[in-house]
Amino acid sequence: MSKFTHALLWKLNLRAVIAIVGILVLVSGAGTYVYASSTSNFQQTINAGSLAIDIVDGSYVTVGSPSVTMSTATFSFTCQTITGTFGSASQNIYVSNPDAADNGWTASLAASATTAIWDSAGTDYDFNDNGGSGCTDGADTDTLGGQMTVDPSVGTLATGQCNSCVTTNITKGSSTAFLEGTTNSITVLTAAAASNDIGDWKLTGVSVSQKIPEEQPAASDYDINMVLSVVAS
Amino acid sequence: MKANRCFRAFNIVVVALLGLAYAAAGSAIEYEGLGGRPANPDPNVPNSASWFLYQLPAGATKEDALRIENGSGAAVELIVYPADQTPSSDGGFALKQRAETMTELGSWVTLYPTPRPVAYAEDRRSIPELCQFAVVQAAQAAPTADVSELKTWCGGVREAAIRLEPDQAVAVPFVIRIPDNADVGEHAGGLVLERKRPADEPSAPSGGVQLTTRVGVRIYETVPGDIVRQLELTRFTIHPNARQKELVATVGVLAAGNVSIDHTTTLSVSDTIFRRSSQTVERATQALRGQELITNISLPLPRFGRFSYQAQVAYTDTDGAGQRLMTPTIVRWFVPWLQIAVVMLVAVAIIALWLWRRGRDRGRLKQWRPYVVRPGEDLVDIASRRGIDWRVLAKANGLKPPYRLKAGQTIKVPIGS
């Protein structure tokens with residue numbers, strides 16, 4: 001033990017320690033608490049915040065460039081399916097409602113355009129074509145096959161930082177496949193009017209599966225842009 | 001001396017930890033994201049703090065503003081644009097993507113993110129009035145430069161790129177112009193705040209779904225006329241969600257009129273064996289105009305029993321009268337077949353073992369020979385002479401306590417002994 005620590009411990013008694021820590025706590029907690037006074041009236045207005053959706057990490061910090069990684073696939077002469085998980089411990093789907101949407105809200109997932117595709121440097125494949133059960137090109141505007149299915153119902157919904165909040169009255173969406181012109185957007189979560197007006201929630205483990213047409217050329221950079229939206233009900 | 005020092009150090013640590021825990025208990029939700037809401041809500045109009053609600057006739061215009069707030073600790077770049085409503089799966093409310101062509105309400109909204117021209121900065125007229133003035137002035141023989149500038153500004157923009165510093169809020173004015181041929185009834189859309197990826201942010205690794213987030217604020221415009229509020233039941237199913245071990249009740253309703261309809265779905269679950277109501281779940285939701293809304297209600301999967309399920313949907317019709325739609329009752333048996341199969345297997349195994357042992361004992365008995373008990377002999381004597389346990393002999397001969405044998409009594413004993 002250093003001489004300084006030794007001297008400090010020797011000089012301090014318990015009452016002095018309590019007094020110092022008490023002062024520290026009051027100083028650190030000043031931003032959180034408003035104390036009543038017998039001589040003054042303190043008034044505080046807390047404005048309702050805004051409904052927000054984000055992809056955050058375990059510390060509720062926005063994840064830069066969030067993404068969903070799909071399982072790898074090798075070249076196949078038959079149609080195959082790759083899978084991925086939307087929402088993870090490091091990339092939570094996060095909805096925050098600081099008294100902004102008293103009537104509930106809806107979170108949904110859609111591609112950045114109905115004409116979006118899994119794009120690579122070479123050939124591409126589709127995300128919203130049900131031709132041949134998603135394996136071949138159907139009647140949509142492009143000449144590509146492939147279909148993506150999102151199943152929020154298998155995800156795990158939990159409250160976030162709000163200790164008193166509950167997941168009651170928040171419904172996970174059904175397993176749904178994208179279909180151009182018919183299903184351009186998939187409901188991930190629906191909060192009914194009776195859900196917490198003030199709260200935050202995390203969703204992880206949403207299943208994503210993608211049909212890849214047969215003989216799809218090998219490439220390591222198939223990408224698609226998708227948009228996660230929340231709208232107050 | 002050393003113990004005293006340790007005690008003092010322990011005191012400091014304990015009190016400091018208690019102090020920190022006390023301070024942490026009061027912290028609030030620390031996430032404050034990007035969001036928007038109506039800048040001019042009417043306290044007398046329900047939901048006007050969350051939605052833009054208008055009842056403008058065809059051909060009318062109205063100025064309003066969207067308040068955008070950046071509650072985060074970092075600057076945010078975003079794109080604001082109006083969008084048509086589009087159905088999401090299960091009938092949820094979603095808005096069209098930025099890349100799509102807006103043909104409905106999304107095309108009726110024009111944004112005015114830049115300040116008015118300097119010459120009209122103090123003008124109190126609304127944007128529609130000012131722009132009408134610009135049209136009239138521009139039609140004159142030699143419009144001034146100010147009028148030309150105003151006319152250009154009046155064109156507005158379809159989307160606006162905005163940068164918000166930490167904790168900054170701005171109001172973006174907009175004008176909604178209802179076309180002359182707009183149908184009677186409700187038209188829905190919204191204003192979207194879409195995050196723009198900062199140029200210095202590293203791009204996501206390739207080979208996956210690249211995600212962008214956005215927040216929408218609904219706009220409901222109801223063109224006055226013959227409003228029809230009608231709700232129809234479309235489906236009611238009960239099915240287990242095997243992966244979650246939950247039961248999902250699905251109730252579908254269709255807003256068959258020309259407006260969206262708020263309604264309450266109440267699911268009642270009854271235990272028909274014990275004749276009691278076991279659960280009631282209520283959900284208040286909105287079916288969008290002309291669209292089916294699916295409400296999934298998750299319930300715990302019963303372990304055993306016979307349960308009946310029925311849903312009731314309540315809404316207010318065109319005349320303001322309360323209406324109730326009842327679904328058919330669905331009755332389901334819940335039997336834990338797997339557990340029963342395991343119990344049955346164990347029972348069969350026990351019975352089989354018992355039968356086998358019984359058969360073995362009988363088989364042995366057939367090979368035994370009769371033996372006449374002599375005077376003074378008891379069971380223990382006879383058994384010990386034959387090298388077997390007296391209890392086996394007693395059991396084989398069906399003898400009961402106190403196991404007395406009489407002289408001349410015939411019992412069976414093992415052969416060869």
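Residues numbered from 1 in each chain as written. Chains lettered and ligands numbered in written order. Predicted model: local features only at pLDDT ≥ 70, side-chain atom pairs only at ≥ 80, totals over all residues. Heavy atoms only, no water.

A. Geometry of the domain arrangement of chain B. Residue and element names in this part refer to chain B. Per the domain assignment, the segments of chain B are domain 1 (2-113 + 157-223), domain 2 (231-334) and domain 3 (337-414). The partner domain 2 presents eleven residues to the 15 residues of domain 1 that form the contact. A buried area of about 940 Å², summed over both sides, lies between domain 1 and domain 2, and 42% of it is on carbon and sulfur atoms. Of all residues in domain 1, Asp90, Gly91 and Glu186 bury the most surface against domain 2, accounting for 54% of the area lost on that side. Linking domain 1 with domain 2 are zero salt bridges. The interface formed by domain 1 and domain 2 includes seven residue pairs in polar contact (both at pLDDT 80 or more). Of all the elements in the fold, those that place two or more residues in the side of domain 1 that touches domain 2 are β4 (76-87), β9 (185-195) and β10 (208-223). (Domains from an automatic or database assignment. Contact = heavy atoms within 4.5 Å. Buried area = accessible area lost by both parts, 1.4 Å probe. Salt bridge = Lys/Arg side-chain N within 4 Å of Asp/Glu carboxyl O. Polar contact = N/O pair within 3.5 Å; in protein donor to acceptor, adjacent residues only side chain to side chain. Helix = DSSP H or I, 4+ residues; strand = E, 2+ residues; numbered from the N terminus.)

B. Region of interest: the sheet that holds strand β4 (residues 92-98) of chain A. All names here are of chain A. An order of β1-β4-β11-β7 is seen for the four strands of this open sheet, with the pairing classed as antiparallel. Both edges of this open sheet fall to β1 (52-56) and β7 (156-159), since each of them pairs with a single strand only. Geometrically, the sheet is characterised by an average inter-axis angle of 25° between neighbouring strands, direction not taken into account. Note that β4 and strand β11 (residues 198-204) share six bridges and pair antiparallel. Bridge pairing in β11 links serine 96 to aspartate 200. (Pairing = 2+ DSSP bridges. Axes fitted to C-alpha atoms, helices over the stretch in contact; angles between N-to-C directions.)

C. A look at the confidence of the model for chain A. Residues and elements named next belong to chain A. Model confidence for chain A is summarised by a mean pLDDT of 79, while 79% of its residues fall at 70 or above. No element of chain A has a lower mean pLDDT than helix α1 (residues 3-11), which averages 54, and none a higher one than strand β6 (residues 147-151), which averages 93. Throughout residues 28-39 the model reports pLDDT below 50, and contacts reaching past four residues in sequence, or to other chains, amount to 13 contacts. (pLDDT = per-residue confidence, 0-100.)

D. Molecular detail of the side chain of A:Ser185. With respect to the element layout, A:Ser185 can be found in strand β10 (residues 185-191). On the accessibility criterion, A:Ser185 (4% relative accessible area) is buried. A polar contact is formed between the side chain of A:Ser185 and the side chain of B:Ser88, at a distance of 3.1 Å. Excluding its chain neighbours within four sequence positions, the residues that come into contact with A:Ser185 are A:Ser108, A:Leu109, A:Ala110, A:Phe178, B:Pro87, B:Ser88, B:Ser89 and B:Ala94. (Buried < 20%, exposed > 50% of the residue type's maximum accessible area, 1.4 Å probe, protein only.)

E. Structural detail: the pattern of salt bridges. Residue and element names in this part refer to chain B. Counting across every chain of the model gives eleven salt bridges over all chains. The salt bridge partner of lysine 96 is aspartate 84, with a shortest N-O separation of 3.4 Å. Of this pair, lysine 96 sits in the loop between β5 (93-95) and β6 (109-111) while aspartate 84 sits in strand β4, and the two are twelve residues apart along the sequence. One exposure class covers both lysine 96 and aspartate 84, and it is buried. With a shortest N-O distance of 3.2 Å, arginine 391 and aspartate 389 are connected by a salt bridge.

F. Spotlight on the nonpolar core. Ranked by size, the top nonpolar core spans 43 residues in total, and within it A:Phe86, A:Trp105, A:Trp118, A:Met148 and A:Met226 carry the most contacts. Element by element, the count of residues in this core is highest for strand β13 (residues 224-232) of chain A, at five residues. Core analysis: the second largest hydrophobic core is formed by 27 residues, B:Phe52, B:Leu56, B:Trp108 and B:Ile219 among them. (Core = buried A, V, L, I, M, F, W, Y, C linked by side-chain atoms within 4.5 Å.)

G. Local environment of the pairing of β6(A). Residue and element names in this part refer to chain A. β6 sits mainly inside the fold: four of its five residues count as buried. The pairing of β6 with strand β12 (residues 206-212) spans five bridges and is antiparallel. Along β12, the bridge assignment pairs glutamine 147 with lysine 211. Examined bridge by bridge, β6 and strand β9 (residues 176-177) share two bridges and lie antiparallel to one another. Of the residues in β9, the one forming a bridge with threonine 149 is alanine 177.

H. Examining the state of the cysteines more closely. Residues and elements named next belong to chain A. Considering all chains together, one arrives at three disulfides over all chains under this definition. At a sulfur-sulfur separation of 2.0 Å, the disulfide partner of cysteine 79 is cysteine 135. Across the disulfide from cysteine 79 to cysteine 135, rotation about the S-S bond amounts to roughly -80°, and the bridge is consequently left-handed. With cysteine 79 in the loop between β2 (67-69) and β3 (80-86) and cysteine 135 in the loop between β5 (105-111) and β6, the pair connects residues that are 56 residues apart, well separated along the chain. When its relative accessible area of 17% is taken as the criterion, cysteine 135 is described as buried. Across a sulfur-sulfur distance of 1.9 Å, cysteine 162 and cysteine 165 are joined as a disulfide pair. Disulfide cysteine 162 to cysteine 165: torsion about the S-S bond roughly 80°, handedness right-handed. Looking at chain A, its bonded cysteines, counted consecutively from the start of the sequence, adopt the pairing 1-2, 3-4. (Disulfide = S-S within 2.5 Å.)

I. Representation of the packing of aromatic side chains in the model. A full pass over the atoms with the stated rule returns 16 aromatic pairs over all chains. Ring centres 5.0 Å apart and planes at 45° place the aromatic pair B:Tyr112 and B:Trp153 in the tilted group. Highlighted residues: B:Tyr112 in the loop between β6 and α2 (127-138) and B:Trp153 in helix α3 (residues 145-154), separated in sequence by 41 residues. Between the aromatic rings of B:Tyr309 and B:Phe334, the centroid separation amounts to 6.5 Å while the plane-to-plane angle is 75°, which identifies the pairing as edge-to-face. Linking B:Tyr309 in strand β16 (residues 305-316) with B:Phe334 in strand β18 (residues 330-334), this pair joins segments that are 25 residues apart in sequence. Across the pair, B:Phe334 and B:Tyr309 agree in class, each one buried. Of the aromatic side chains, those joined through ring pairs into one cluster are A:Trp118, A:Tyr125 and A:Tyr222. The ring centre of B:Phe133 lies 4.3 Å from the NZ or CZ of B:Arg125, which sits over that ring. (Phe/Tyr/Trp six-rings, centres within 6.5 Å; stacked < 30°, edge-to-face > 60°. Lys NZ or Arg CZ within 6 Å of the ring centre and 35° of its normal.)

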